[in-house]
Amino acid sequence: MFSSKERFKENFVARLEQREDKESLQTVYSVLTAMVKEWTYDDWEQTNQQYKEQKRKQLYYFSIEFLMGRILGQNLMNLDVHGFVEEGLKELGFDLHAIEELEPEPGLGNGGLGRLAACFMDSLASLQLPGHGCGLRYKGGLFTQVFQDGFQTEQPTVWIDEKEGWGIRREELSLDIPFFGSIEPGIESNRLKPVLKDAEWIKAVPYDYPIVGAAGKTVNTLRLWQAEVSSRPLPKGKPRTLYEQETAEVTDRLYPDASLDAGKILRLKQQYFLCSASLQTIVKNRDCPLSDLARHVAIQINDTHPALAIPELMRILMDEEGMQWEEAWGIVNHTISYTNHTILEEALEKWSSSLLERLLPRIYMIIQEIDRRFKEKTQQEPLDEWQRKKLAIIENGVVHMATLAVVGSYKVNGVAKLHTEILKVREMKELNDHFPHKFHNITNGVAHRRWLLKANPELSSLITSAVGDEWIREPIKLHKLHRFSKDPAFLQDLQAVKIAKKRQLADYIKTHQDIIVDPESVFDAQIKRIHGYKRQLMNILHIQMLYNRILSDRSFRPYPRTFIFGGKAAPSYRYAKEVIKLINTVADQVNNDPLAKKHLHIVFIEDYSVSKAEKIFPASDVSEQISTASKEASGTGNMKFMMNGAITLGTFDGANLEIVEQVGEDNAFIFGLTARQVMQFEKEQSYYPPDIIQHEPDLQLVMAQLLEGSLSDGEGNISAIRNQLVDCNDPFFVLKDIQQYGKAHERLLSAFENSLAWQEMSVVNIAQSGIFSSDRTIQEYSDEVWQLGRVPSNLL
Ligand code: 26Y
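None of the values given here were measured: they were computed from a predicted structure.

Quick look at unusual backbone geometry
So, point 1. Phi at Phe 180 takes a positive value of approximately 60°, unusual for a residue other than glycine.
So, point 2. On the secondary structure map, Phe 180 appears in the loop between strand E6 (175-179) and strand E7 (182-188).
So, point 3. Look at Arg 535: it is not a glycine, yet its phi comes out positive at around 60°.
So, point 4. Using a relative accessible area of 0% as the deciding quantity, one classes Arg 535 as buried.

Some thoughts on the sheet that holds strand E14 (residues 394-395)
So, point 1. In spatial order, the strands read E13-E15-E14; together these three strands make up an open sheet with antiparallel pairing. Of all the strands in the sheet, just strand E13 (350-352) and E14 have a single pairing partner and so form its edges.
So, point 2. Sheet topology note: the E14/strand E15 (residues 398-400) ladder contains two bridges and is antiparallel. Bridge pairing links Glu 395 to Val 398 in E15.

Considering the packing of helix H10 (residues 309-320) against helix H11 (residues 325-335)
So, point 1. In the contact formed by H10 and H11, the axes pass within 9 Å of each other and the chain directions differ by 140°. Between H10 and H11, the interaxial angle falls into the category oblique. For the pair H10 and H11, the sense of crossing is right-handed. Contact residues: Ile 310, Leu 313, Met 314, Leu 317 and Met 318 in H10; Trp 325, Ala 328, Trp 329, Ile 331, Val 332 and Thr 335 in H11.
So, point 2. Across the contact of H10 with H11, the residue classes tally to 10 nonpolar, one polar and no charged.

Quick notes on the site of the ligand
So, point 1. Every one of the 19 residues lining the ligand counts as a neighbour, but His 341, Asn 444, Glu 632, Ser 634 and Gly 635 are closest to it.
So, point 2. Take Leu 113: an N or O atom from its main chain is 3.0 Å from an oxygen atom of the ligand.
So, point 3. A distance of 3.2 Å is found between an oxygen atom of the ligand and a side-chain nitrogen or oxygen belonging to Arg 529.
So, point 4. For the ligand, whose free accessible area comes to 580 Å², the fraction covered by protein is 90%.
So, point 5. A class-by-class count of the residues in the shell around the ligand yields seven nonpolar, seven polar and five charged.

Focus on the pattern of salt bridges
So, point 1. If you walk through the whole model with that rule in mind, you get 55 salt bridges.
So, point 2. Its salt-bridge partner being Glu 87, residue Lys 5 comes within 3.2 Å of it at the nearest N-O pair. With Lys 5 in helix H1 (residues 5-17) and Glu 87 in helix H4 (residues 82-91), the pair connects residues that are 82 residues apart, well separated along the chain.
So, point 3. According to the relative accessible area criterion, Glu 87 is partly exposed, its value standing at 44%.

Some details on the domain arrangement of the protein chain
So, point 1. Here the protein chain is described as being made up of domain 1 (5-444) and domain 2 (448-769).
So, point 2. Domain 1 and domain 2 are separated by 32 Å when their C-alpha centres are compared.
So, point 3. Taken residue by residue, the interface counts 47 residues in domain 1 and 45 residues in domain 2.
So, point 4. Between domain 1 and domain 2, a total of about 3,700 Å² is buried, with carbon and sulfur atoms accounting for 55% of that surface.
So, point 5. When the area that domain 1 buries against domain 2 is broken down by residue, the three leading residues are Gln 145, Phe 147 and Leu 418, summing to 15%.
So, point 6. Across the contact surface, domain 1 and domain 2 share five salt bridges.
So, point 7. The salt bridge partner of Glu 682 is Arg 426, with a shortest N-O separation of 3.6 Å.
So, point 8. Between domain 1 and domain 2 we count 22 residue pairs in polar contact (both at pLDDT 80 or more) in total.
So, point 9. Taken together, the elements giving at least two residues each to the side of domain 1 that touches domain 2 come down to helix H3 (72-78), helix H6 (112-126), strand E3 (144-148), strand E4 (151-155) and helix H16 (417-427).

The rules we used
- Residues numbered from 1 in each chain as written.
- Predicted model: local features only at pLDDT ≥ 70, side-chain atom pairs only at ≥ 80, totals over all residues.
- Heavy atoms only, no water.
- Helix = DSSP H or I, 4+ residues; strand = E, 2+ residues; numbered from the N terminus.
- Buried < 20%, exposed > 50% of the residue type's maximum accessible area, 1.4 Å probe, protein only.
- Pairing = 2+ DSSP bridges.
- Axes fitted to C-alpha atoms, helices over the stretch in contact; angles between N-to-C directions.
- Parallel < 35°, antiparallel > 145°, perpendicular 65-115°, else oblique.
- Left-handed = near helix turned anticlockwise from the far one by under 90°.
- Contact = heavy atoms within 4.5 Å.
- Nonpolar A, V, L, I, M, F, W, Y, C, P; charged D, E, K, R; others polar.
- Near = heavy atom within 4 Å.
- Polar contact = N/O pair within 3.5 Å; in protein donor to acceptor, adjacent residues only side chain to side chain.
- Areas by Shrake-Rupley, 256 points an atom, 1.4 Å probe, with all protein chains shown as cover.
- Salt bridge = Lys/Arg side-chain N within 4 Å of Asp/Glu carboxyl O.
- Domains from an automatic or database assignment.
- Buried area = accessible area lost by both parts, 1.4 Å probe.

So, in structure tokens, the structure goes:
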């Protein structure tokens, strides 16, 4: 690698000279990427070599999503060369920022869970821990969101990284994975061995991506599997074209529609494909006797999507390696651990026994045996019928993946204190009673190097100029900023940085969405998947109430605000899509109303993604975290806002509670029902929205506009919202919390008007955000679950 700008420039120019289209930015991108790849690959080989020689325990993080975002800029940063590469290119007349924007963005994830996996990859490598990712190389990432007449439409995204991408195809490590067929008893070396007959095989080809740790040197691996046609014979009667088409589908896209059986089979195929290919490789490449596997390998399953790892590892140990059940189970149960990310009923995976049995006959047999043995164990316990149901892996023809994941893992964690508590006392109470030592909490964290250092270089320089750069390696050192919380000069600088970031975002909004917003207004952002429990609906109804008041009350002239939304709705989630349409409808009205637009602007950033998030977090003053208490497992956007100095406006839910624990209630705006109150209402079924509407004229007006007036399009396009809010007693308590939400907004606005006091709150938030770095999270996983040893870079 180069240690100086001059050498970099020389080499860069020499390479550029050899290219044909020297003037194009695309060529510059291609030359630069090739150079960074070379720098990375040396360290990558060395890291692998080192891990092999030292025989260190390795972690494999299994996840159906890895939402990595763009890689070039991050690698330049972690290699510690971003500064001189940027300068060098500038001197040559190129803008690094523009070059970075040319990288096709891998959208191989959907939301928090996938981005968490990506942050974990960064922290593992940066802490010099041997930890790798295992996932799928989807041809298209999540769909591209395009608004048409305010409605979300979905367009397939093809993520092409064949020529210029970071991945390396490892053809020689390919293997075949079987599906369908039937099990027959066979004999091998004098022992019974189940034999799979007439299976359909799909070839799994690994693509390896380098994960560069901070300060370079440690380079771990993200291995993504791609499905291809196998050379094995097809089962009798299977048409070749159908087989080819079905094979291509396996890694075609994330979360294919699973409303019909064919879609369910496809999702299960994806899950097994990931687990089987990864586990077979891990077992084959181990550097220890099989009986020692748990001391040399840790496997973390990111939610239940890779829970088939449990029966699959059993299968490998027993059928392929000849182990007895008890010994194999002991290994599985000391190797695999499980992270739960949700308590929402609809997201707890359940599969029909018959589908599973048809697609994966041997795996289903093993799940049945795990279930039988577990039932036998709990037989003696004095449990009622309901409790036994909650402990069943297979019940009434349905396989409960979360139960399987808990029974097969040695540790189970929730992702924030409140979430873990709810798992233990309610959602998984029976399992926790049975396995009291399995459950524990590890609060999420985010890669501060991406979300602060890279996304907000202006703020990062300000922090470094005040307290030095230790915080980059040790984020907890952000504490030192407290010293500046009353320093007017620092507070002014902080404000200037925020304004600069707001201007950048305003420019982006002007260019891409043709809306002019005022950087002096409060930037209030809610960016996350669109979902009922996250309550984007409450946000937009509140805005509509403000709008109504501006029109009706001449004395009401609130401080200008820009409301920013971003997020996608699952294609089949009708309610969430109606919320999108509603936000766009209100936005159209408000942004075009000459009176209202002096006070309010609404921007729905189209096709929200990691790179867009990198622009929004640094530019926001207010972080909307307004989920119905008890429903948001953790949230991680809340942490990204916090480290960029935004103030939380939120409910006591997920990690918001821990944010408030850090900053104190004076440095956040908290409102609404508590988790306990929500759960009480749910238990008693005593919430009845019409009671509330009856007493609130401003709510009555909004509801009237929504149901038959200016917000309703008269074509039934908001019938799902209506149905939920009015007819189904709104499980998300929107109207119950909306008045308190409005009051919290008022408190917030008056705080904003005192700009020094606001900046002081901002400093406290940044100073206390270190604990939410994923470095801390990963260290906890390592200490409490994986027991990894650091491999210092001086050894590398
Ligand atoms: C398969 C299907 C049912 C499904 C697909 C995606 C189920 C769940 C998911 C994704 C869940 C997810 O992203 N959960 C989020 O995980 C974050 C990281 O822990 C949390 O911060 C966040 O609260 C949670 O909603």
